[in-house]
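Residue-level listing of the chains:
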Amino acid sequence: MDGLEVFEWLLDAIESDHESERRTILRFTEESLYVQFRRTLQAALPYYPKLRSIHPLGVIPAMLCSLPETAEIPPPLRGKLVLEQDEAVQLQALPTGSIVSERGIPWGVGHIGAPAAWSRTTGYRVKVGVIDTGVDFRHPDLRHSLERGINLLQRMELPQDDNGHGTHIAGTIAAANQQHGMIGVAPRAQIHPVKAFDHNGTAYVSDIILGIEWCVRSGIDVVNMSFGMKTRSRSLYAAVGSAYRSGVLIVASSGNDGRTGSIDYPARYTHTIAVGATTRSGRIAGFTNRSRLIDVYAPGERIVSAWLRGKHREMSGTSMATSHVTGAVALLLSLKPRLTPAQIKSIVQRSAVPLRYSKTPRSAGELSITRMIKLADQM
């Protein structure tokens, strides 16, 4: 069996008469077959224009393509290929709150102990990937924190935010305008926005995988993923694992459905840091999903951060909690750049403050930067 057999089947499927098609991830279980197929595809592209709609996903041996809904892998190729629907993914935030004029250090940033750590670490030069709706490049609070990033929806354009969610996340992580605006957890970290979500806050699994692939290639240190899905994607699981083995840690939100015993993907994957949300009083927020798979809780209720057109907005959700943890990891990596993803995850878990109001004895604790750094100093 070689890549030519896969190519011939795929060509027949694409060129066949069919009423409807859907976005599909074609995953290869053997790296060698994937490499052979890519060579065959590259050689054939000048002769078959329809094949230009097939795109490699990079970080895993898989291709994105549009196939008939009735397409099936033929018997000789079963076990070698896997078809997976390219599902839609939604951002993790509750309805947006009001525009506010609050300035300085937001309550969540102070609550986790970030200001006390700034004499030792500000996240200097740590590269933070934010896979989201982009950022407001004109926001005064983010002017000194932003790198170019990438727009996966319009490759030739800046990843400009047309939703607001990504700007809010970036502000909590690394805003740096204490005199006239706000300051984030790691004010000297570098935000690399990856626009995978449209103005409605929707993306496809393949967009997220391409975003992870870009982060790995670009030398990103930690990635914020404030979104979730209820179904398990093996392709996304493989991409998260590949990033983890490459030294890139992903921080993900648990979801806002108020469920007990279950959290969303990709936070549910073991190679992420899964984040739940707490309130000002240190209680687990009622909206947060929770289970033993949560690694840490962080402030997620009524969080003020940057918004579009230079404004600030109050928002709640596990998205907001996740950005606090990502900022904390940036502070840690600036201080201890050689830490592996496994070591960082262990430090975050072990240094967390036990939740005073939790009825579950094995519940994860709340993020504490002071305790994180103290534990890291002992390693």
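Residues numbered from 1 in each chain as written. Predicted model: local features only at pLDDT ≥ 70, side-chain atom pairs only at ≥ 80, totals over all residues. Heavy atoms only, no water.

As for the packing of helix H9 (residues 341-350) against helix H10 (residues 369-377)
In plain terms, the rule: Fitted lines through C-alpha atoms serve as axes, helices being fitted only where they are in contact, and the angles separating the N-to-C directions of these axes extend from 0 to 180 degrees. Under the DSSP-based scheme used, a helix requires at least four consecutive residues in state H or I and a strand at least two consecutive residues in state E, with every element numbered from the N terminus. We call two directions roughly parallel when the angle between them is under 35 degrees, roughly antiparallel when it is over 145, roughly perpendicular when it lies between 65 and 115, and oblique otherwise. Crossings are assigned a handedness: left-handed for a near helix turned anticlockwise from the far helix by less than a right angle, right-handed for a clockwise turn. Working rule for contacts: check all heavy atoms of both residues, and any pair within 4.5 Å makes them a contact.
Two elements in contact, H9 and H10, have axes whose closest approach is 9 Å; the angle formed by their N-to-C orientations is 125°. In terms of axis orientation, H9 runs oblique to H10. Once H9 is placed against H10, the crossing between them reads as right-handed. Residue-level contacts link Ile 347, Val 348 and Arg 350 of H9 to Arg 371, Met 372, Leu 375 and Ala 376 of H10.

Section: the sheet that holds strand S17 (residues 312-315)
Strands belonging to one sheet form pairs held by backbone hydrogen bonds; the direction of such a pair is parallel or antiparallel. Note the cut-off: One requirement defines pairing of two strands: DSSP has to find at least two bridges between them.
The 3 strands are arranged S6-S17-S16 in an open sheet whose pairing can be described as antiparallel. Of all the strands in the sheet, the pair left with one neighbour each is strand S6 (99-100) and strand S16 (303-306).

A short note on the sheet that holds strand S4 (residues 81-85)
Spatially, the 4 strands line up as an open sheet ordered S2-S3-S1-S4, and their pairing is antiparallel. Lying at the two open borders of the sheet, with one neighbouring strand each, are strand S2 (55-56) and S4. Strand direction decides the pairing type here: S2 and strand S3 (residues 62-68), joined by 2 bridges, are antiparallel. From the neighbouring strand, His 55 faces S3, where its bridge partner is Leu 64. On the sheet, helix H6 (residues 205-217) packs against strand S1 (21-28), S2 and S3 and is oriented at approximately 40° with respect to S1.

Notes on the environment of Ile 99
Just so we agree on the cut-off: For the exposure calls, accessible area comes from a 1.4 Å probe over protein chains only, and a residue counts as buried if that area is under 20% of its type's maximum, exposed if over 50%, partly exposed in between.
Inspection of the secondary structure assignment puts Ile 99 in strand S6. Judged by its relative accessible area of 40%, Ile 99 is partly exposed. Put simply, Ile 99 and Glu 314 are 215 residues apart on the chain and 6.6 Å apart in space, counted from C-alpha to C-alpha.

Let's talk about the pattern of salt bridges
Note the threshold: Between Lys or Arg on one side and Asp or Glu on the other, a salt bridge is scored when a side-chain nitrogen of the former is within 4 Å of a carboxyl oxygen of the latter.
A full pass over the atoms with the stated rule returns 12 salt bridges. Here Asp 162 ties to Lys 195 by a salt bridge, and the two come within 2.9 Å at their closest N and O atoms. Within this pair, whereas Asp 162 is found in the loop between strand S8 (150-151) and helix H5 (165-174), its partner Lys 195 is found in strand S9 (residues 190-195), the two being separated by 33 residues in sequence. Accessibility expressed as a relative area gives 4% for Lys 195, which makes it buried. Salt-bridge contacts for Arg 259 lead to Asp 257; the nearest nitrogen and oxygen are separated by 3.4 Å. Arg 259 gets classed as partly exposed once you look at its relative accessible area, which sits at 25%.

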